[in-house]
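Structural overview
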Amino acid sequence: MGWKDDEKVRAAVWEKSLARLQATALDAVLLGVTLLMVEFLVQAFSGRRGPTGLLLSAEQILDLLHYAWAAVGGLVLALLWNLFYRQVGSSLGRAWVRGVPEWEAPLEWTQTLRGWFTAVFIELTFFSGWLITELDLFTFLTKFGKAADIVRGLMHPSGAVLHEGLILLVQTIFLAFMATAFAIPIAFVLAFPSARNLTRNTLTARIAYTVARTFMNFVRAVEPLVWALIFISWVGIGPFAGVLALWVHSVAALTKLYSEQIESIDTGPMEAIAATGASALQVLRYGVVPQVIPPFLSFTIYRWDINVRMSTIIGFVGGGGIGYILKPRVDLGEWGEVGTLVLLIAGTVWLMDVISAKIRERIV
Amino acid sequence: MTVETAIRVENLGMVYPGGVRALEGVSLEVHAGEFLAVLGLSGSGKSTLLRCINRLIDPTEGRVWILGEEITGARGARLRGMRRQAAMIFQQFNLVKRHTVLTNVLSGALGRSPLLSSLLLSFPAEERQRAVAALDRVGLADRSTSRADALSGGQQQRVAIARALMQEPRLILADEPVASLDPALRHSVMRHIEALNRDEGMTVMCSLHDIDLVTRYATRMVALRDGRLVWEGVPAEFDKSTFKEIYGEDAQPASNTGF
Ligand SMILES: Nc1ncnc2c1ncn2[C@@H]1O[C@H](COP(=O)(O)OP(=O)(O)O)[C@@H](O)[C@H]1O
Ligand SMILES: [Mg+2]
């Protein structure tokens, strides 16, 4: 009896200190960032000039902030707040980790330090963001002139590229189709080891899950544009490189969608099939596959749709399709021809959208 | 040995990963050929007990024997072979909704079917005949090509019974088979389970929470309360004080139960 209680007490103490540590760490980060934003705004409005005599740019200010001091300051403030939480109310970190304590629950946000801190934090983020991204309403409202040329061109599409555009549009649609088609079998196979609910039971399954997930997340993290550059230098400029780039990205994206679908199935039929003495593969075939096929189809069609859109961008860097002839027109400022191509793309995307929505409706 | 033991459960305990204790020290025997009802409030551990018996979940303590063979610790083909002996019927039917009624019944034969053709949903002619016969027994032969989810709840549960029949098991584990059905339809489903017990000689272990059904169909009953076995007897011995013992002091039997 005694040792068991001891162990429980120790576990509780350990849990409590861990929670404290988490709360303080969270607060330290938030307070540190707050200090940095305050310093940023002070510097920005101090009128300080750089060696060239101009006002400092946002990037220059970011460069000279005192990050180490902000870290130390944030940590000290976080420690103080978590030490005196009874007097000043729970910090954000504490409220996040341990929940809002009972006696604070009825308070409005304006009655707590935490509430005010949150409000100030959001304001600071907004103002710093305004400066860091160099928002400039004046320019936005007064310098429309140049862009008007483009808009005028887009509104007066020229027929000169219509023929070539239509041909490349066909290429674009097939490019997207091939990328999707090749992605389906691989994603289908990868989706099962990537589903948490199928991979809990054995060590092998857990390893398969980790490997599949890591691989998929890595592939998905790399933008299709980057894949396009890789494959262009591999197989050369043209639609094939575009297919490969979209294919790799689609495998990862479809695997994720498929596996999430598998994770959300009704486990009842699986159990019923397992209870008949069926083997693991039979359980997958009868208990899982019928439930996921319709959503898989619908995701796949949606993916084809996305791939048509993406292939335009891929074409820009040399991955074939309609984007490929769009780029030189943009560079030369042939806005009428750009207008034609943009209209073609928009029309196709709209059509794909409508068709895929209709098909998806039918399947589910 | 006079009475053959179909299921033996010894000191069974189950603690779920979250730390919930669902069963503690449950020991019981199910005799061959009997219809054993398992009673208890919801949450008392009835489903957990039934699922531990065919190892849909792994008990954390204790041992289970099916037809004299220990299923706890069994793996792979041996476990599957033992599962084939014990068909399960679920409260939620658990049919494959998008498959036809016939394919659902055929899936009861998966345990003895060749892997490759079964993955293509293809079964030998004699299995198909058996499936049609099983459907006929539950009165649904004319619905064999319907999609399973086109059927009513009572019909779906009868398909599930046909699937169990198809499995040619020696035991039936039924987990509140009629709890999600309209009261008027309960007997139509229970009668089919009774027929499996009486005509096919299958041993039935069935959780129920309607006392009426228990006294009508069971030959013996056990009761769980908070994961422990608290009562064991025959329907004739069941009375008001037993009721209180199982369901607690505050519980009231429904007015039509007769006591
Ligand atoms: N998968 C699960 N995870 C955690 N706890 C569970 C799970 N299934 C059941 N329990 C808990 O185990 C106890 C017994 O549940 P169950 O066997 O379903 O009882 P019954 O079938 O008699 O209603 C309940 O407290 C329930 O909440
Ligand atoms: Mg239950």
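Everything that follows concerns the structure shown earlier in this document.
Residues numbered from 1 in each chain as written. Chains lettered and ligands numbered in written order. Predicted model: local features only at pLDDT ≥ 70, side-chain atom pairs only at ≥ 80, totals over all residues. Heavy atoms only, no water.

All names here are of chain A. Structurally, S259 can be placed in helix α12 (residues 239-263). On the basis of relative accessible area, S259 is assigned to the buried category, the value being 0%. Ignoring any residue separated from it by four or fewer positions in sequence, one finds S259 in contact with A191, S194, A195 and R213. (Helix = DSSP H or I, 4+ residues; strand = E, 2+ residues; numbered from the N terminus. Buried < 20%, exposed > 50% of the residue type's maximum accessible area, 1.4 Å probe, protein only. Contact = heavy atoms within 4.5 Å.)

Moving on, we come to the site of ligand 1. Residues and elements named next belong to chain B. Neighbouring residues of ligand 1: Y16, V20, A22, L41, S42, G43, S44, G45, K46, S47 and T48. In this structure, Y16 approaches ligand 1 through a side-chain N or O atom, which is 3.4 Å from a nitrogen atom. At 2.9 Å, a backbone N or O of K46 approaches an oxygen atom of ligand 1. Bound to the protein, ligand 1 loses 60% of the 560 Å² it would expose on its own. The dominant element in the shell around ligand 1, judged by the number of residues it contributes, is helix α1 (residues 46-53), at three residues. Of the residues belonging to the shell around ligand 1, the class tally is four nonpolar, six polar and one charged. (Near = heavy atom within 4 Å. Polar contact = N/O pair within 3.5 Å; in protein donor to acceptor, adjacent residues only side chain to side chain. Areas by Shrake-Rupley, 256 points an atom, 1.4 Å probe, with all protein chains shown as cover. Nonpolar A, V, L, I, M, F, W, Y, C, P; charged D, E, K, R; others polar.)

The subject of this paragraph is helix α7 (residues 183-199) of chain B. All names here are of chain B. Between the first and last C-alpha of α7 there are 25 Å, a value that for 17 residues agrees with the 24 Å anticipated at 1.5 Å per step. Within the sequence span of α7, burial applies to R186, V189, M190, I193, E194, A195, L196 and N197. Downstream of α7 by one or two residues, G201 has phi in the positive range, about 70°. (Expected span 1.5 Å × (residues − 1).)

Residues and elements named next belong to chain B. Here we have four strands laid out as an open sheet, ordered β2-β1-β4-β5, and antiparallel in their pairing. Edge positions in the sheet fall to β2 (21-31) and β5 (69-70), since each of these pairs with one other strand and no more. Two strands pair when backbone bridges link them, and strand β4 (residues 61-66) and β5 are joined in this way by two bridges, in the antiparallel orientation. Within the sheet, the bridge partner assigned to W65 lies in β5 and is E70. (Pairing = 2+ DSSP bridges.)

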